[in-house]
Amino acid sequence: MDLESRIALFSQTLPQTTESLSHRYRGNKAMENGDYNKAYAEYSKGITINPHDPALWCNRALTFLKLGYPELAIVDAQRTINTLDEFFRDYKNENSAMRIPPILKASEKLSIDQKMIQLKCKAKYRECLALANLELYVCATRSCKDLLKWKDLYADANVPFNWNDVQSLLENFEKKFDEGCARIGYDRYSELAENYGKYKFNGSYPWDSRQQNRASDETFDNLQQQILQASYSQAKIVKMTFEESGEEIQYGLEAQCIIPKHKVIFEEAPFISVNSKINERCDYCNSEDFLLKYICPKSGCKEIFCNVNCYKRAYELYHKVTCGKDFSEIVEIVQNGVSTSALTHLYPIKLFAIGKIRDICPLDIDEIKHLRRWEHEYVTFQATMLYVYDKVMALLGIPIGDLRFDFWVFISLCCAMQGNVFGDKTVNSVPDYSSIFTWISLINHDCNPNAILEINESKWQLKANKKIRKGDAITLTYVGYTWMNNKDRCRMLYLFRGIKCKCENCIVYLDQLTRN
Ligand SMILES: C[S@@+](CC[C@H](N)C(=O)[O-])C[C@H]1O[C@@H](n2cnc3c(N)ncnc32)[C@H](O)[C@@H]1O
């Protein structure tokens, strides 16, 4: 059976293909009209119906580039290439005819083979642009060179760009790389340009209204009740603003009475925790106290818990999905990381698992959906996240077409984690552990805080560090390393927490804050 006949057969057996194609055409129309948000919505609907259509991914990659989200365009460009590679494999394998998606039609000028190659080159080209937009110049150069290799191989593919432009792009990326090296030195810049890009994130993507609702009366009242109860009315949640965040309403905690030094304000078990496995810690609460150590009984699973209760909580929450899965490559990435933000790689494993168990988008997880997402014009894009995302999806068995787990969800979760987790490094400065909380994550930073956190069995205790007066904001320090000088702390707060701290120790360094 030739390909055209196989496609015709496939179309008959899968009526949803027609539906996904109509979303593709509507998306294309929206692109022509410059309505990129509509195009995003149409392509996404199409992908949900038929995730094997490489053209949908490729077109959505362009939409993301037009919308100014290169961090999202990369994944779609790569999905295009992967689905096409699957397509090529099936094409050669007569027996798997039914898997071939009928997405490309031969035209007068181009055969289906040529169309596939054209699409592959287009996706690679978009990947190059996206990587360069993120300033990942080492990756962009590599990707550009790969594309240029296809020039001779696919000479008659009739690609929708000029090969000379690709050559100019390559030269431009190499020039930018050299400029970076001249500025800060070869070793440091090549590491940055290989692993750390940057993108702008303003808290949410336009199609996601969750952040606007985080300070709704309903959310506020609900949290208030919980905090009053947990703190025996010593603390309450308040709405407030920070000068640098303009009119945005944020949350903070305030003392409702005098709280003496050393007094426990409340205790909270982490919602979830992650650790780099450098030190032995409980997978659920990060405690190092293993008097009643409990190892997951399933053979092949090596996860450890400080006691059976932590195991049971973890099991219900996420472990029934993660049990026995091999996440060691992600752990290795974290161990090689230089800051505690490397631990962010581990959160999506558990948050995606919870989303899967509850059958919801992980951004709708009740316990953390109110957390403020980190926003900044310089959010670090760790290139390793692309790998982590694919790995998590594959290991948890989440299909790529389930867009409740789309890459923008992954990015939004990482930004929520980055601004809200509490943890530390090891004495050798390797990322060690961090946890996320429903209430503790509402406490604001102060370089001279009046509260501290202490791990007490499976709970974390919020304690007064000095006498707190009624009406005082309850604060913690987000950068608690005693060895750190004021300048470094000020810089860390800005780079890793997005905070331009104006306390008397930091203020002198504020105008020196730059990325490099
Ligand atoms: C852990 S949350 C604290 C609760 C947060 N205010 C909220 O509304 O959910 C951290 C975020 O609070 C804000 N924040 C905390 N302390 C701050 C400070 N001293 N100056 C400016 N922003 C601060 C920053 O936006 C930071 O990303």
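Residues numbered from 1 in each chain as written. Predicted model: local features only at pLDDT ≥ 70, side-chain atom pairs only at ≥ 80, totals over all residues.

Asks: Can you break down the overall build of the protein residue by residue, with the values?
Replies: When helices and strands are counted, the protein shows 16 helices and 14 strands. For the protein, the C-alpha radius of gyration of 25 Å lies close to 24 Å, the compact-globule estimate for 516 residues. Seen along its three principal axes, the alpha-carbon backbone of the protein occupies a region of about 80 × 55 × 45 Å. Looking at the protein as a whole, 43% of its 516 residues qualify as buried. (Helix = DSSP H or I, 4+ residues; strand = E, 2+ residues; numbered from the N terminus. Rg over C-alpha atoms; globule rule 2.2 N^0.38 Å. Buried ≥ 20, exposed ≤ 12 C-beta atoms within 10 Å, placed from the backbone.)

Asks: An account of the UniProt feature "repeat: TPR" (unreviewed entry) in the protein is needed here, citing residue identities and associated values.
Replies: Residues annotated in UniProt with the feature "repeat: TPR" (unreviewed entry) correspond here to residues 20-53. Within residues 20-53, the helical portion is 79% and the strand portion 0%, while the C-alpha atoms at the span's ends are 9 Å from each other. (UniProt positions renumbered as here; feature names shortened; annotations may be inferred.)

Asks: Can you tell me about the sheet that holds strand E11 (residues 444-445), naming the residues and giving the values?
Replies: Pairing between the strands of a sheet comes from backbone hydrogen bonds, and it takes one of two forms, parallel or antiparallel. The strand order E2-E3-E14-E11 describes an open sheet built from four strands, whose pairing is mixed. Lying at the two open borders of the sheet, with one neighbouring strand each, are strand E2 (235-240) and E11. Inspection of the sheet shows E11 paired to strand E14 (residues 473-476) by two bridges, in the parallel sense. Counterpart to Asn444 in the pairing with E14 is Thr475. (Pairing = 2+ DSSP bridges.)

Asks: Just give me the short version of the environment of Pro348, but keep the residues and values in it.
Replies: By the secondary structure assignment, Pro348 is in helix H13 (residues 347-358). A count of 27 C-beta atoms within 10 Å places Pro348 in the buried class. Apart from residues lying up to four places away in sequence, Pro348 is in contact with Val388, Val392, Phe410 and Leu413. (Contact = placed C-beta atoms within 7 Å.)

Asks: I'd like a rundown of the pairing of strand E9 (residues 422-425), residues and numbers included.
Replies: When E9 meets strand E10 (residues 431-436), the two strands line up antiparallel, connected through four bridges. The partner of Lys425 across the bridge, within E10, is Pro431. Linking E9 back to E10 in an antiparallel pair, the connection comprises five residues, with Ser429 at a positive phi of about 70°.

Asks: How would you summarise the domain arrangement of the protein if you had to cite specific residues and measurements?
Replies: Domains assigned within the protein are domain 1 (3-197), domain 2 (211-267 + 437-476) and domain 3 (271-436). Using only C-alpha atoms to locate each centre, domain 2 and domain 3 end up separated by 24 Å. The interface of domain 2 with domain 3 comprises 14 residues on the first partner and 18 residues on the second. Of the residues contributing to the side of domain 2 that touches domain 3, the split by class is six nonpolar, six polar and two charged. (Domains from an automatic or database assignment. Nonpolar A, V, L, I, M, F, W, Y, C, P; charged D, E, K, R; others polar.)

Asks: Tell me about the site of the ligand, and name the residues and values.
Replies: Inspection of the region around the ligand gives 18 residues, with Gln250, Tyr251, Gly419, Asn444 and His445 positioned closest. Mapped onto the shell around the ligand, the elements with two or more residues apiece are strand E3 (250-255), helix H15 (407-420) and E11. Examining the composition of the shell around the ligand, we find that three residues originate from one element, E3, more than from any other. For the shell around the ligand, the residue count by class is seven nonpolar, eight polar and three charged. (Near = placed C-beta within 6 Å.)

Asks: Break down the nonpolar core for me, with residues and values.
Replies: In terms of nonpolar packing, the biggest core is built from 125 residues, with Ala61, Ala73, Cys128, Leu131, Ala140 and Leu413 touching the most fellow members. Look past the residues within four positions of Cys128 in its chain and what remains in contact with it is Ala140, Ser143, Cys144, Leu147 and Leu169. Formed by seven residues, the second largest nonpolar core is a distinct cluster that contains Tyr478, Leu493, Ile499 and Cys506. (Core = buried A, V, L, I, M, F, W, Y, C linked by C-beta atoms within 7 Å.)

Asks: Give me the packing of helix H4 (residues 54-67) against helix H6 (residues 112-133): which residues, what numbers.
Replies: Between H4 and H6, whose axes approach to 10 Å, the crossing angle comes to 30°. Comparing the axis directions of H4 and H6 gives the class roughly parallel. When you trace H4 past H6, the crossing you get is left-handed. Residues Pro54, Ala55, Cys58, Ala61, Leu62 and Leu65 of H4 lie in contact with H6, whose contacting residues are Leu119, Lys122, Ala123, Arg126, Leu129 and Ala130. Tallied by class, residues from the contact of H4 with H6 come to 10 nonpolar, no polar and two charged. (Axes fitted to C-alpha atoms, helices over the stretch in contact; angles between N-to-C directions. Parallel < 35°, antiparallel > 145°, perpendicular 65-115°, else oblique. Left-handed = near helix turned anticlockwise from the far one by under 90°.)

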